[in-house]
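Below, each chain spelled out in residue letters.
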Amino acid sequence: MSEQLIRVNGIDICAESFGDSHNPAVLLIMGAMCSMVYWDDEFCQQLAETGRYVIRYDNRDVGRSTVYAPGSSNYTVADMAEDAVGLLDAYHIEQAHLVGMSLGGMIAQVMAIRYPHKVHTLTLIASSIFESDNKRELPPMDERILAYHANGASLDWSDEDRVADYLVAGSSLLCGPKHKFEEKRAYKQVRKEIKRARNLLSMFNHALLQDDASFEGKLQSIEAPALVIHGTADTVLPLEHGLALANELPHASLLSLEGTGHEIHPDDWERIINAIKNHTRVV
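Residues numbered from 1 in each chain as written. Predicted model: local features only at pLDDT ≥ 70, side-chain atom pairs only at ≥ 80, totals over all residues. Heavy atoms only, no water.

**Some thoughts on the confidence of the model for the chain**
Part 1 of the argument: When pLDDT is averaged across the chain, the result is 95; 98% of the residues are at 70 or more.
Part 2 of the argument: Within the chain, helix α4 (residues 143-150) has the poorest average pLDDT of any element, 92, and strand β3 (residues 25-29) the best, 99. (pLDDT = per-residue confidence, 0-100. Helix = DSSP H or I, 4+ residues; strand = E, 2+ residues; numbered from the N terminus.)

Spelled out as structure tokens, the structure:
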């Protein structure tokens, strides 16, 4: 377990692994504006203890991976998928089980469409589908979350304590009603996030990513078995997004987490890890 910078597609990607490299590989792909530290250390270790080789990494513009000037748009979701494929190649992994959270789930879908031979299974947590015109009328993000983050423009980002308070309070908005928000754990992750970031404000570049219409309607081409995990109280991507995924992927099963928000809450770890363990079992 040690971080390393790996040159992939002409950029630096920071990655870290847990467990025995001889075990089946599980690539954890985090969502927008979050580095790999939000795959909690204990979660990764517990998943590795099921007999999996677990890899987590920083996407572009977060953590210790390559970042661009805040407010710039230099890449697409497809480019981020290419980064993940290149990372697997760097680890000499021919085929992996992909576990994507939110945007990470969409990156995983692109990988499964473009590189089916590289993807053994998909696990899509709190994620959604590619859709530019919202024909399915999927519900949008809760306005309270958008309103909260609009205040970020007036924050003094040089004040680490205030930034930590802001990010932790933002995370608390994602916690579902079934769970108690673990503030101490959140502060630990956020402070690590602040210390690791090459440029913390670059994370907002993820908000400039656009849906790629070229991937619309291609879910049915994905042959990899898919496990869709979604909280019933998700206010970022409401449950209907997960249901749309489960309905359109040809080999999908759905695990709904009652009262869970847009989160991987410790209360749900055992259930999530067991589900991934069973889903990624080689038959």
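**Some details on the pairing of strand β4 (residues 53-57)**
Part 1 of the argument: The buried count for β4 comes to 5 of 5 residues, which makes it a mostly enclosed element.
Part 2 of the argument: Where strand β2 (residues 11-18) lies against β4, 4 bridges are found, and the strand directions are antiparallel. Bridged to E16 within β4 is R56.
Part 3 of the argument: In this sheet, β4 lies alongside β3 in parallel orientation, the contact comprising 4 bridges. Opposite V26, over in β4, you have V54 as the bridge partner.
Part 4 of the argument: Following the backbone out of β3, through helix α1 (residues 41-48) and into the adjacent parallel β4, one traces a crossover that is right-handed. (Buried < 20%, exposed > 50% of the residue type's maximum accessible area, 1.4 Å probe, protein only. Pairing = 2+ DSSP bridges. Right-handed = clockwise from strand over helix to strand, strands pointing away.)

**Brief notes about unusual backbone geometry**
Part 1 of the argument: In this structure, M33 is a non-glycine residue whose phi angle is positive, near 65 degrees.
Part 2 of the argument: A positive phi angle, near 55 degrees, is found at E137, a position not held by glycine.
Part 3 of the argument: Residue position: E137 is located in the loop between β6 (119-125) and α4.

**Here's the deal with the state of the cysteines**
Part 1 of the argument: In this structure the tally under the stated criterion is 0 disulfides.
Part 2 of the argument: The thiol of C14 is not disulfide-bonded; the next cysteine sulfur, from C44, is found 13 Å away.
Part 3 of the argument: Taking the relative accessible area as the measure of exposure, C14 reaches 2% and is therefore buried.
Part 4 of the argument: For the unlinked cysteine C175, the closest cysteine sulfur is that of C34, found at 15 Å. (Disulfide = S-S within 2.5 Å.)

**Overview of empty space enclosed by the protein**
Picture a little ball the size of a water molecule; that probe, rolled over the atoms, points out where space is still empty.
Part 1 of the argument: Per the counting criterion, the structure on display carries 1 cavity of 30 Å³ or more.
Part 2 of the argument: Put simply, the largest cavity is a space of about 40 Å³.
Part 3 of the argument: Lining the largest cavity are M33, D61, V62, G63, E193, A197, N199, L200 and M203.
Part 4 of the argument: Partitioning the lining of the largest cavity into residue classes produces 5 nonpolar, 2 polar and 2 charged. (1 Å grid on protein atoms, 1.4 Å probe; cavity = no way out; pocket = protein on both sides within 12 Å on 5 of 7 lines; lining within 4 Å. Points joined across faces, edges and corners; volume = space filled by probe spheres on them. Nonpolar A, V, L, I, M, F, W, Y, C, P; charged D, E, K, R; others polar.)

**Some remarks on the layout of surface pockets**
Part 1 of the argument: Within this model, the second largest pocket holds a volume of roughly 190 Å³.
Part 2 of the argument: If you trace the second largest pocket, you find it lined by V37, D40, D41, E42, K184, R185, K188, Q189 and K192.
Part 3 of the argument: For the lining of the second largest pocket, the elements supplying multiple residues, two or more each, are α1 and α6 (183-196).
Part 4 of the argument: Sorting elements by how many residues they give to the lining of the second largest pocket places α6 first, with 5 residues.

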